[in-house]
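Chain by chain, the residues:
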Amino acid sequence: MARREPEVARIVSTTHDGRGIADVAGKKVFVAGALEGEEVRFLRRKIRRKFDEAELLEVLQSSRSRIEPRCEAFGRCGGCSLQHISQQEQRELKQRSLRDNLQRIAGAEPENWLPPIYATGKEGGWHYRRRARLAVKDVYAKGRVLVGFHERHAPFVTDMHRCEVLADPVGNLIDPLIELIERLSIRSRLPQIEVGIGDNAVELIFRVLDPPNDDDRAAMIGFARQYDVRVSLQTGGLDSVTALYPDPVPEALSYDLPDFDVRIEFESTDFVQINGPVNRLLVTATIELLQVETHHRVLDLFCGIGNFTLPLARRAGEVLGIEGEQRLVERARANAVLNDIGNVAFLKADLFEIDGNESWLRAGCDRLLLDPARSGSLELIKHIDVLGPERIVYVSCHAGTLARDAAELSGQGNYRMTAAGIIDMFPHTAHVESIAVFEKVAKNK
Ligand SMILES: C[S@@+](CC[C@H](N)C(=O)[O-])C[C@H]1O[C@@H](n2cnc3c(N)ncnc32)[C@H](O)[C@@H]1O
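Residues numbered from 1 in each chain as written. Predicted model: local features only at pLDDT ≥ 70, side-chain atom pairs only at ≥ 80, totals over all residues.

**Student:** Break down the sheet that holds strand 16 (residues 318-323) for me, with residues and values.
**Tutor:** Strand order in the open sheet made by the eight strands is 6-20-21-19-18-15-16-17, with mixed pairing throughout. Of all strands in the sheet, those bounded by a partner on one side alone are strand 6 (112-113) and strand 17 (344-348). Contacts from helix 1 (residues 87-106) reach strand 20 (415-423) and strand 21 (433-440), with the element oriented near 155° to strand 20. Of the strands in this sheet, strand 16 and strand 17 touch helix 6 (residues 326-338), which is tilted by about 170° from strand 17. (Pairing = 2+ DSSP bridges. Helix = DSSP H or I, 4+ residues; strand = E, 2+ residues; numbered from the N terminus. Contact = placed C-beta atoms within 7 Å. Axes fitted to C-alpha atoms, helices over the stretch in contact; angles between N-to-C directions.)

**Student:** Please provide a residue-by-residue account of helix 6, values included.
**Tutor:** Under the 1.5 Å per step criterion, the end-to-end length of helix 6 is 18 Å for 13 residues, consistent within 8% with the ideal 18 Å. Within the span of helix 6, buried status applies to Leu-328, Val-329, Arg-331, Ala-332, Asn-335 and Ala-336. End-on view of helix 6: buried residues confined to an arc of 160°, all on one side of the axis. Turned more than 90 degrees away from the buried face of helix 6 sit Gln-326 and Val-337, all of them exposed. For helix 6, the elements touching its buried residues are strand 14 (262-266), helix 5 (309-315), strand 16 and strand 17. Residue Asp-340 follows helix 6 closely and has a positive phi angle near 60°. (Expected span 1.5 Å × (residues − 1). Buried ≥ 20, exposed ≤ 12 C-beta atoms within 10 Å, placed from the backbone. Arc of directions from axis to C-beta.)

**Student:** Residues and numbers for helix 4 (residues 276-290), please.
**Tutor:** For helix 4, built from 15 residues, the straight-helix expectation of 21 Å at 1.5 Å per residue is met to within 8% by its first-to-last C-alpha distance of 21 Å. Buried residues of helix 4: Val-278, Asn-279, Leu-282, Val-283, Thr-286, Ile-287, Leu-289 and Leu-290, and no others. One face of helix 4 carries all of its buried residues, which in axial projection span an arc of 160°. Tucked into the core, helix 4 has its buried residues touching strand 13 (253-257), helix 5, strand 18 (367-370), strand 19 (391-396), strand 20 and strand 21. Within two residues after helix 4, Gln-291 carries a phi angle of roughly 50°, on the positive side.

Distances and angles like these do not, on their own, reveal function.
In structure tokens, the structure reads:
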């Protein structure tokens, strides 16, 4: 029978994702938000065979690393998990996670550690998220609408009033959104809001299960005008998104990469790197690490809407971007035209299905950029000798699959991992973004 009374224990270590581990009668209990050395009161939330998960109720004896979280919903909201430690310590935790993954899975350490990439300045790690999906719930029992991220320990929407990581102005629009939705006839038929924040404009897409009536539309338009945001409605799949205000929209959402004189247009439902300032640093660092020269042929795999491809094309002879989603390929092509970049091509292909006979693979390349989704890029790496790049930069959102792929690359004996480091793309969350450089091993003739 699960114990559900509060308990007290000392935390013996901390996991990579910011959970404290207590040993209670020989069973591990993971206490979210507790730090090594602390004595805490906690409540077990999930009982498992080998370990339990618990909610932190009170810190009885606090670690010197603990700081005051900025957000009043921290601990309840599932959006952030590390606000109780400094950003410097968060980065150290992330670097340790990368190092441990590389050692455990690849049995390797990079020859050099790169300095972490992160946004500096007092507000550097705050108000950075330019894409988000906010959940909305009309809570009948409370007579209130909630807007926010899901709770950390339960599938409910967090009762919150603002958000410290959503980019401006949306971080301050949680309460105004609640007030708006509470006035709508469809307040219980509006389950989520997609947020897209460009350098030039902000879009909120209201997912609606029933059509809004005239008063609802007028209220939404009033909100859009008052807060200087765009409002769109989504009645079904992605292609059902239609502009409500302004209609028509004057221009697409966009962000700039000034180091390369590139502007990237996107839609709120596209993949974009979450953190604009860090993305700028990342693109510049990646292209430096690739050591691109003007005669090089470069391949950018998992290229999305051209975030790296177009800056690369400013430095290289020719660049081919490959991406699995047709609508992103089309957007990437349109972005090439927008920037008047001609030495680039985009191809739609499933990079998990590679047999080694693809013409783009057989054509080879001098430099390779990989930026896969969490599942990594093993299928491509199995054919790396056909492609034969001198240098590979691998940007990863999952340290485990990066380590697995690094093991495959160096296991073949043809590549050395010369450098690796972390990118703090998602401050205050446990999400680890990393970058690794591989160089072809010179063979004796
Ligand atoms: C981490 S995102 C990187 C996008 C881009 N490099 C950027 O910086 O914006 C990974 C991309 O891989 C694409 N992708 C996922 N699975 C794929 C597959 N099997 N084949 C090709 N592309 C895929 C996704 O659509 C997404 O655009």
